[in-house]
Amino acid sequence: MKDLMSLGVAIVIFIACSQQRTRYTQQSPEIETYKQVLEDYEDRDWEAMVAHYSDTAKIMNNVTEEEGKNLTQFLAENKKDASQFSSWDFVDEASEYEMIVNDKGETWVNFWGLWEGTFKTNNQVYQIPTHITAQFVNGKIVKEFGYWDVSKIIKDIQQADEISSSEERTGN
């Protein structure tokens, strides 16, 4: 009888544990989707990229949630940025992904990577450490927060604009 009771407890514990959702992983369909999002971004395949977002997605790249963008604004911003770079890529060897299910039951994919881009104006190659976290619901991104420092690029753009303005005034 004692063995039967122990077996029953073991079965209950096994079932309870197997029904728990994985809270942290580095392999999931959501991670594979996010890898595709970044690949579409690198390829500038905007239609394919936004297909992974819900229609009501909100994107917060270096801004607070109140200043977040909708898909139309996000796409316009990416196209504008793309026009300034002859190439851009995330360095595969420097990319790391994880998926977590938080205490609220929300599914988030985190990405850490190194963005590398060549600016058309000065042919300068920039490397920028990047962190992006995206919330998934039913296989689609509903929120995305991105963090990176573009101050070096901004400074170089401003300097190039100043040189260009100075040359126009002096006729050079």
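Keep in mind that what you see is a predicted model, and the values were worked out from it rather than measured. (Residues numbered from 1 in each chain as written. Predicted model: local features only at pLDDT ≥ 70, side-chain atom pairs only at ≥ 80, totals over all residues. Heavy atoms only, no water.)

Draft legend 1. Representation of the overall build of the chain within the structure. Looking only at helices and strands, one finds 5 helices and 7 strands in the chain. Its helices and strands in sequence order give the chain the pattern α-β-α-α-β-α-β-β-β-β-β-α, from N to C terminus. Across the 172 residues of the chain, 36% fall into the buried class. Of all intrachain contacts in the chain linking residues separated by at least 6 positions in sequence, the fraction that spans at least 24 positions is 56%. Split by element, the accessible area of the chain, about 11,100 Å² in all, is 51% carbon and sulfur. (Helix = DSSP H or I, 4+ residues; strand = E, 2+ residues; numbered from the N terminus. Buried < 20%, exposed > 50% of the residue type's maximum accessible area, 1.4 Å probe, protein only. Contact = heavy atoms within 4.5 Å. Areas by Shrake-Rupley, 256 points an atom, 1.4 Å probe, with all protein chains shown as cover.)

Draft legend 2. Up close: the nonpolar core. Membership of the largest hydrophobic core comes to 32 residues, with the highest contact counts inside it found for Y34, M49, Y53 and W115. Of all the secondary structure elements, the ones that give two or more residues to this core are α2 (29-43), α3 (46-50), β2 (53-61), α4 (71-83), β3 (85-90), β4 (96-101), β5 (107-119) and β6 (125-137). For Y53, the contacting residues outside a window of four places in its chain are V37, I59, L71, F74, K140, I141 and E144. (Core = buried A, V, L, I, M, F, W, Y, C linked by side-chain atoms within 4.5 Å.)

Draft legend 3. Expanded view of the packing of aromatic side chains. Applying the stated criterion across every chain yields a total of 13 aromatic pairs. Plain terms: the ring middles of W46 and W88 are 6.4 Å apart, the flat faces sit at 85° to each other, and that makes the pair edge-to-face. Taken together, the positions of W46 in helix α3 and W88 in strand β3 put the pair 42 residues apart, joining distant regions of the chain. As far as the burial class goes, W46 and W88 line up, both buried. Linked through ring pairs, Y41, W46, F85, W88, F90, Y97, F111, W115, F119 and Y126 together constitute an aromatic cluster. (Phe/Tyr/Trp six-rings, centres within 6.5 Å; stacked < 30°, edge-to-face > 60°.)

Draft legend 4. Structural context of the side chain of T130. Relative to the helices and strands, T130 resides in strand β6. When sequence neighbours within four positions are dropped, the list of residues in contact with T130 reads F90, F111, W112, G113, W115, Y147 and W148.

Functional significance is not addressed by these values, which are geometric in nature.
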